[in-house]
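# Architecture at a glance
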Amino acid sequence: IQKMLEIICKLPKWNGHLYNWYNIKTLEPLRPAYISTVDSGNFIGYLITLKTFLLDIEDKEIKDKYLIDENLEYINKLINGTDFSKLYNKEISLFSIGFNIEENKLTDSYYDLLASEARQASLVAIAKKDIDEKNWYNLICI
């Protein structure tokens, strides 16, 4: 886990978000440079789950052996550094499908269904206070 977190922390990011594709040798983003709202929501949601698991480990020997505190630092850095407000259209209170880096703009398609794969991104962004809860109610009412 520590080695993965170290590499992930080194990867270039856009407002804390991982790009969709990377060259695994150079760690540089591949073209087209794109940020996916769903992928970011899933990734940060998984990090929150991992953080909860690591915090629940009570055995001191395990904590010392696996450097739990250092892993928690990496996880907190990734979670706190990811800004979901950049993927959110405040005018319509919905998330864009993603952000096109090369065009420097949000994709003009939006997640407007509660049953969509963007639910986790919405919950994570609300929990981080990157957006307000209005997004969740818009998904329910549409």
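What comes next is a walk through the structure. (Residues numbered from 1 in each chain as written. Predicted model: local features only at pLDDT ≥ 70, side-chain atom pairs only at ≥ 80, totals over all residues. Heavy atoms only, no water.)

### What to know about the overall build of the protein
When its secondary structure is counted, the protein shows six helices and eight strands. When the helices and strands of the protein are read in sequence order from the N terminus, they spell out α-β-β-β-α-α-α-β-β-β-β-β-α-α. Referenced to the eigenvectors of the C-alpha coordinate spread, the extents of the protein come out at roughly 50 × 35 × 20 Å. Expressed as a percentage of its 142 residues, the buried residues of the protein come to 38%. Taking the contacts inside the protein whose residues are at least 6 apart along the sequence as the reference set, 58% of them involve residues at least 24 apart. Carbon and sulfur atoms make up 54% of the accessible area of the protein, which amounts to about 8,900 Å² in all. (Helix = DSSP H or I, 4+ residues; strand = E, 2+ residues; numbered from the N terminus. Buried < 20%, exposed > 50% of the residue type's maximum accessible area, 1.4 Å probe, protein only. Contact = heavy atoms within 4.5 Å. Areas by Shrake-Rupley, 256 points an atom, 1.4 Å probe, with all protein chains shown as cover.)

### Focus on the packing of helix H2 (residues 37-56) against helix H4 (residues 68-81)
Orientation of H2 relative to H4, taken along the N-to-C sense of each, is 155°, at an axis distance of 10 Å. What the angle tells us is that H2 and H4 run roughly antiparallel. As for the relative orientation of H2 and H4, their crossing is left-handed in sense. Of H4, the residues touching H2 (which contributes Phe43, Ile44, Leu47, Ile48, Leu50, Lys51, Leu54 and Leu55) are Ile68, Asn71, Leu72, Ile75, Asn76, Leu78 and Ile79. For the contact of H2 with H4, a count of residues per class yields 12 nonpolar, two polar and one charged. (Axes fitted to C-alpha atoms, helices over the stretch in contact; angles between N-to-C directions. Parallel < 35°, antiparallel > 145°, perpendicular 65-115°, else oblique. Left-handed = near helix turned anticlockwise from the far one by under 90°. Nonpolar A, V, L, I, M, F, W, Y, C, P; charged D, E, K, R; others polar.)

### Description of the sheet that holds strand E7 (residues 105-106)
With antiparallel pairing, three strands are arranged side by side in an open sheet as E3-E6-E7. One side of each edge strand has no neighbouring strand; the edge strands of this open sheet are strand E3 (34-36) and E7. Note: strand E6 (residues 98-100) against E7, two bridges, orientation antiparallel. Bridge pairing in E7 links asparagine 100 to lysine 105. Against the sheet, H2 touches E3 and E6, its axis set at about 55° to E3. (Pairing = 2+ DSSP bridges.)

### A few points about the packing of helix H1 (residues 2-10) against H4
Look at H1 against H4: their axes get within 10 Å of each other, and the N-to-C directions meet at 35°. Here H1 and H4 pass one another in a crossing that is left-handed. Within the contact between the two elements, H1 uses Gln2, Leu5, Glu6, Ile8 and Cys9 and H4 uses Glu70, Asn71, Tyr74, Ile75, Lys77 and Leu78. Considering only residue class, the contact of H1 with H4 consists of six nonpolar, two polar and three charged.

### Some words on the environment of threonine 107
Following the sequence through the fold, threonine 107 ends up in the loop between E7 and strand E8 (110-111). By relative accessible area, which is 23% here, threonine 107 ends up partly exposed. Sequence-wise, threonine 107 and leucine 87 are 20 residues apart; in three dimensions their C-alpha atoms are separated by 9.1 Å. A polar atom in the side chain of threonine 107 sits 2.6 Å from the side chain of tyrosine 34. (Polar contact = N/O pair within 3.5 Å; in protein donor to acceptor, adjacent residues only side chain to side chain.)

### Focus: the pattern of salt bridges
The final tally for this structure, using the stated rule, is four salt bridges. Here glutamate 103 and lysine 105 are joined by a salt bridge, their closest N and O atoms 3.9 Å apart. One salt bridge connects aspartate 130 with lysine 128, and the closest N-O pair in it is separated by 2.9 Å. (Salt bridge = Lys/Arg side-chain N within 4 Å of Asp/Glu carboxyl O.)

Purely spatial values, then, with no claim about function.
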